[in-house]
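Single-letter residue listing:
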Amino acid sequence: MDIKVLGISGSPRRHGNTETLLDSFLAGAEEAGAGIEKIVLRDLKYATCTGCNACHNSGVCVMKDDLTKLYKKILEVDILAVASPIYSMGITAGLKGFIDRGQYLWAKKFVLKKLYFSTEHIKQHKGLFISTAGQSWNDVFDAAYPIVTAFFDSTGFEYYDNVIANNMDAYGGIQGHPTALADAKTKGEEVVREVVSLISTGTSERQ
Ligand SMILES: Cc1cc2nc3c(=O)[nH]c(=O)nc-3n(C[C@H](O)[C@H](O)[C@H](O)COP(=O)(O)O)c2cc1C
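Each value, and the rule that gives it
- Residues numbered from 1 in each chain as written.
- Predicted model: local features only at pLDDT ≥ 70, side-chain atom pairs only at ≥ 80, totals over all residues.
- Helix = DSSP H or I, 4+ residues; strand = E, 2+ residues; numbered from the N terminus.
- Rg over C-alpha atoms; globule rule 2.2 N^0.38 Å.
- Buried ≥ 20, exposed ≤ 12 C-beta atoms within 10 Å, placed from the backbone.
- Contact = placed C-beta atoms within 7 Å.
- Near = placed C-beta within 6 Å.
- Nonpolar A, V, L, I, M, F, W, Y, C, P; charged D, E, K, R; others polar.
- Pairing = 2+ DSSP bridges.
- Axes fitted to C-alpha atoms, helices over the stretch in contact; angles between N-to-C directions.
- Parallel < 35°, antiparallel > 145°, perpendicular 65-115°, else oblique.
- Left-handed = near helix turned anticlockwise from the far one by under 90°.
- Arc of directions from axis to C-beta.
- Core = buried A, V, L, I, M, F, W, Y, C linked by C-beta atoms within 7 Å.

Asks: Go over the overall build of the protein chain, please, and point to the residues and values.
Replies: Scanning the protein chain from terminus to terminus reveals nine helices and five strands. Counted from the first residue to the last, the protein chain has its helices and strands arranged as β-α-β-α-α-β-α-α-α-β-α-β-α-α. Computed over C-alpha atoms, the radius of gyration of the protein chain comes to 17 Å, within 12% of the 17 Å expected from 2.2 N^0.38 for 207 residues, which places it in the range of a compact globule. Reported as C-alpha extents along the three principal axes, the dimensions of the protein chain are approximately 50 × 40 × 30 Å. The burial tally for the protein chain puts 40% of its 207 residues in the buried class. Within the protein chain, contacts between residues separated by at least 24 positions form 81% of all contacts whose residues are at least 6 apart in sequence.

Asks: Describe the site of the ligand, listing the residues and the values that go with them.
Replies: In the vicinity of the ligand there are 17 residues, among which G16, T18, P85, G134 and Q135 approach most closely. Here the shell around the ligand is composed, by residue class, of seven nonpolar, eight polar and two charged.

Asks: Please set out the sheet that holds strand β4 (residues 126-132) residue by residue, giving values where relevant.
Replies: Spatially, five strands are ordered β2-β1-β3-β4-β5 in an open sheet, and the strand pairing comes out parallel. Lying at the two open borders of the sheet, with one neighbouring strand each, are β2 (35-40) and β5 (158-165). Recorded for the sheet is a direction-independent mean angle of 15° between the axes of neighbouring strands. Looking at chain direction, strand β1 (residues 4-9) and strand β3 (residues 79-85) are connected through five bridges and run parallel. By the bridge assignment for β3, S9 is matched with A83.

Asks: Residues and numbers for the packing of helix α1 (residues 17-31) against helix α9 (residues 180-200), please.
Replies: Remark: α1 packs on α9, axes separated minimally by 7 Å, with the N-to-C direction vectors making an angle of 40°. Taken together, α1 and α9 sit at an angle that is classed as oblique. Pair α1 / α9 crosses with right-handed handedness. Taking contact as the criterion, the partners of L21, S24, F25, L26, A27, G28, A29 and E31 in α1 are, on α9, A180, L181, A184, K185, T186, K187, G188, E189 and V192.

Asks: Outline helix α5 (residues 103-111), supporting the account with residue identities and numerical values.
Replies: Among the residues of α5, those classed as buried are Y104, L105 and A107. Along the long axis of α5, the arc covered by the buried residues comes to 160°, so they all point the same way. Contacts from the buried residues of α5 go to α2 (55-58) and α7 (144-155). Positive phi appears at K113, one or two residues downstream of α5, with a value of about 55°.

Asks: Account for the pairing of β4, naming residues and giving values.
Replies: Of all seven residues that make up β4, seven are buried, and the element is covered over most of its length. Residue alternation in β4 divides its side chains into two sets, K126, L128, I130 and T132 and G127, F129 and S131, and both sets are buried. As defined by bridge partners, β3 adjoins β4 across seven bridges and the pair is classed as parallel. Looking at β4, one finds that S84 is bridged to S131. Two elements, β4 and β5, share seven bridges in a ladder whose sense is parallel. Bridging from a neighbouring strand, S131 pairs with I164 of β5.

Asks: Summarise the pairing of β3; cite the residues concerned and give the values.
Replies: Here β3 lies mainly inside the structure; seven of its seven residues are buried. Because side chains alternate across β3, one face comprises the buried residues I79, A81, A83 and P85, and the other comprises L80, V82 and S84, equally buried.

Asks: Would you mind going over the nonpolar core in detail, with residue names and values included?
Replies: Counting 46 residues, the largest nonpolar core has V5, L21, F25, I79, A81, V82 and I130 as the members making the most contacts within it. Not counting residues within four places of it along the chain, the set of residues in contact with F25 comprises G7, A81, I130, V163, A184, K185, K187 and G188.

Asks: Which residues make up unusual backbone geometry, and what values go with them?
Replies: Note: most peptide bonds trans; most residues except glycine with negative phi. Positioned with a positive phi, N53 is a non-glycine residue whose angle comes to about 60°. Inspection of the secondary structure assignment puts N53 in the loop between β2 and α2. Owing to 13 C-beta atoms within 10 Å, N53 belongs among the partly exposed residues under this scheme. At K113, a residue that is not glycine, the phi angle is positive and equals roughly 55°.

Structural measurements only, silent on function.
The following block contains the structure:
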């Protein structure tokens, strides 16, 4: 079965803690038989939403740049992992700018009512949030979760799980963490197997 997994890294630091954690997750997904792809937002050219609200009438975004193609791709994958380090207790500006540009999907769904994801589609499409933080605080990821929830709601993914590792400062980076990289890999394998199983037992055609 051809399962597509897309990882989007919102860390401005190439091959840092967050992208490395995402890589482990993708390696696990690949080992479970999925086709994987990673997009690094830092390498893309895109503008942030200007709030013109043209999408409320048209259902499309007037801005045409690297995100136009990326959003098309998102709607074609089975599993989507969005990754960001915690910056100032939230996600990075790069990831937030990308997520805001998905507003046209929200408008298409809730204003124009021209986008509909069936319950089965949502069940078979899993979204994960991958993140790292410097501090050990238990609440360090809390501001990120509602943003990720809203994003998966507009794009038709069930918010499956988080792959998170805090206390990076004390560990001296992700490589010093005792379990995070192995856990991320296991999660990648697990979610692919879960989607394969849901699709094989699904009641209708894949949409
Ligand atoms: C601008 C900036 C803001 C940060 N803000 C926080 C924060 O509010 N809380 C926290 O725990 N760590 C914070 N950190 C630390 C990063 O979350 C942490 O080092 C993370 O693992 C970096 O991931 P990366 O290697 O992918 O860049 C911040 C780092 C930067 C550069």
